[in-house]
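Chain by chain, the residues run as shown.
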Amino acid sequence: MNIGERVRKILNEVPTYLKVVAATKGRSPEEINEAVESGINFIGENYLQEAESKYKLIKKDVKWHFIGHLQKNKVKKVVRLFDMIETLDSLDLAEIIDKECSKIGKVIPVLIEINSAGEPQKSGVLFEDLQKIVEGLLNFKYIKVKGLMTMGPVVKDVEEIRPFFIKTKEAFEKIKSLYKNELQWEELSMGMSDTYRIAIQEGATIVRIGRAIFEDNYDNKNSF
Ligand SMILES: *Cc1c(COP(=O)(O)O)cnc(C)c1O
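Structural notes, computed from the coordinates.

The rules behind each value
- Residues numbered from 1 in each chain as written.
- Predicted model: local features only at pLDDT ≥ 70, side-chain atom pairs only at ≥ 80, totals over all residues.
- Heavy atoms only, no water.
- Helix = DSSP H or I, 4+ residues; strand = E, 2+ residues; numbered from the N terminus.
- Expected span 1.5 Å × (residues − 1).
- Buried < 20%, exposed > 50% of the residue type's maximum accessible area, 1.4 Å probe, protein only.
- Contact = heavy atoms within 4.5 Å.
- Pairing = 2+ DSSP bridges.
- Right-handed = clockwise from strand over helix to strand, strands pointing away.
- Near = heavy atom within 4 Å.
- Polar contact = N/O pair within 3.5 Å; in protein donor to acceptor, adjacent residues only side chain to side chain.
- Areas by Shrake-Rupley, 256 points an atom, 1.4 Å probe, with all protein chains shown as cover.
- Nonpolar A, V, L, I, M, F, W, Y, C, P; charged D, E, K, R; others polar.
- Salt bridge = Lys/Arg side-chain N within 4 Å of Asp/Glu carboxyl O.

**Comments concerning helix 7 (residues 162-178)**
At step 1: Along its 17 residues, helix 7 runs 25 Å from first to last C-alpha, staying within 8% of the 24 Å computed at 1.5 Å per residue.
At step 2: Inspection of helix 7 places R162, F165, T168, A171, F172 and I175 among the buried residues, and these make up the whole buried set.
At step 3: Contacts from the buried residues of helix 7 go to strand 5 (108-114), helix 6 (130-137), strand 6 (143-150), strand 7 (187-190) and helix 8 (196-201).

Laid out in structure tokens, this is it:
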């Protein structure tokens, strides 16, 4: 199979409400164009500079999601280029995002990144700090917080990731019921090439897929 065939197979198998973000770090504009011509409408980039160099070369009008670790000195350009930030992890960062968006009159949708396994070396918000962050985000005029994103830990057997997706979904539902009047809380981004089937079963509305789209020898075990 080539890129286009792999994209069409994945899109045929997943539910129609699902947003499939192609994780495109390290992939060329030619590879990305093959994916978008076969139906991909969302691109996830981890690095600003890489996104800038590819942006004009992508043929279709797609939505760009920032999925990498966001450094404060990159915010000014990131809010101009991207349609969503999936990796908000502090109120300090939110303050800078809000300020930069206010300058250009843009309201940017964001997801809060959850460190669902509580790994000290990883970025993301711990479950116990989530409500405080949500509460703080209500004060920003130019940020629309729409849900959660998680990577989950690196696991040997993919089933080991399921409990972390379940916990993230529970936190998602809790915030949804607490803030039903204040928020348009609707996106849950979890699942990658190895784990997107499990993520969908546990309530993901967004999955971020790299290798299963772009790698010829990738053995896709997400059978539906
Ligand atoms: C690379 C990456 C992905 C996709 O990973 P694959 O295993 O290639 O599908 C998803 N999310 C983030 C944040 C990434 O950096």
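Now that the structure has been shown, the text picks up again.
**Considerations on the environment of G105**
At step 1: In this structure, G105 sits in the loop between helix 5 (91-104) and strand 5.
At step 2: Separated by 82 residues in the primary sequence, G105 and A23 place their C-alpha atoms 28 Å from one another.

**Points about the pairing of strand 1 (residues 19-23)**
At step 1: Among the 5 residues that make up strand 1, 4 are buried, leaving the element largely enclosed by the rest of the structure.
At step 2: In this sheet, strand 8 (residues 206-209) lies alongside strand 1 in parallel orientation, the contact comprising 4 bridges. Bridging across to strand 8, K19 finds its partner in I206.
At step 3: Direction of pairing for strand 1 relative to strand 2 (residues 42-45): parallel, over a ladder of 3 bridges. Looking at strand 2, one finds that V21 is bridged to F42.
At step 4: Considered for its hand, the β-α-β crossover made up of strand 1, helix 2 (residues 29-37) and strand 2 is right-handed.

**Quick look at the environment of E182**
At step 1: Mapped onto the secondary structure, E182 falls in the loop between helix 7 and strand 7.
At step 2: In this structure the C-alpha to C-alpha distance between E182 and E135, which are 47 residues apart in sequence, comes to 10.0 Å.

**Points about the site of the ligand**
At step 1: A23, K25, N46, I67, M151, M192, S193, R208, I209, G210 and R211 make up every residue found near the ligand.
At step 2: The side chain of N46 places a nitrogen or oxygen atom 2.7 Å from an oxygen atom of the ligand.
At step 3: Contact between the ligand and G210: an oxygen atom at 2.8 Å from a main-chain N or O atom of the residue.
At step 4: Bound to the protein, the ligand loses 89% of the 390 Å² it would expose on its own.
At step 5: Among the residues making up the shell around the ligand, the classes are represented as 5 nonpolar, 3 polar and 3 charged.

**Remarks on the pattern of salt bridges**
At step 1: Enumeration according to the criterion identifies 16 salt bridges in this entry.
At step 2: One salt bridge in this structure joins E173 and K169, with 2.8 Å as the shortest N-O distance. One end of the pair is E173 and the other is K169, both in helix 7 and 4 residues apart, which spans about a single turn.
At step 3: What makes E173 partly exposed here is its relative accessible area of 33%.
At step 4: Here K169 falls in the partly exposed class, since its relative accessible area comes to 25%.
At step 5: Close ionic contact of D194 with R211 constitutes a salt bridge, the shortest N to O distance being 3.1 Å. Here R211 lies in helix 9 (residues 211-214) and D194 lies in the loop between strand 7 and helix 8, a separation of 17 residues in the sequence.
At step 6: Each of the salt bridges in this network shares a partner with another, and the network as a whole consists of E45, E50 and K54.

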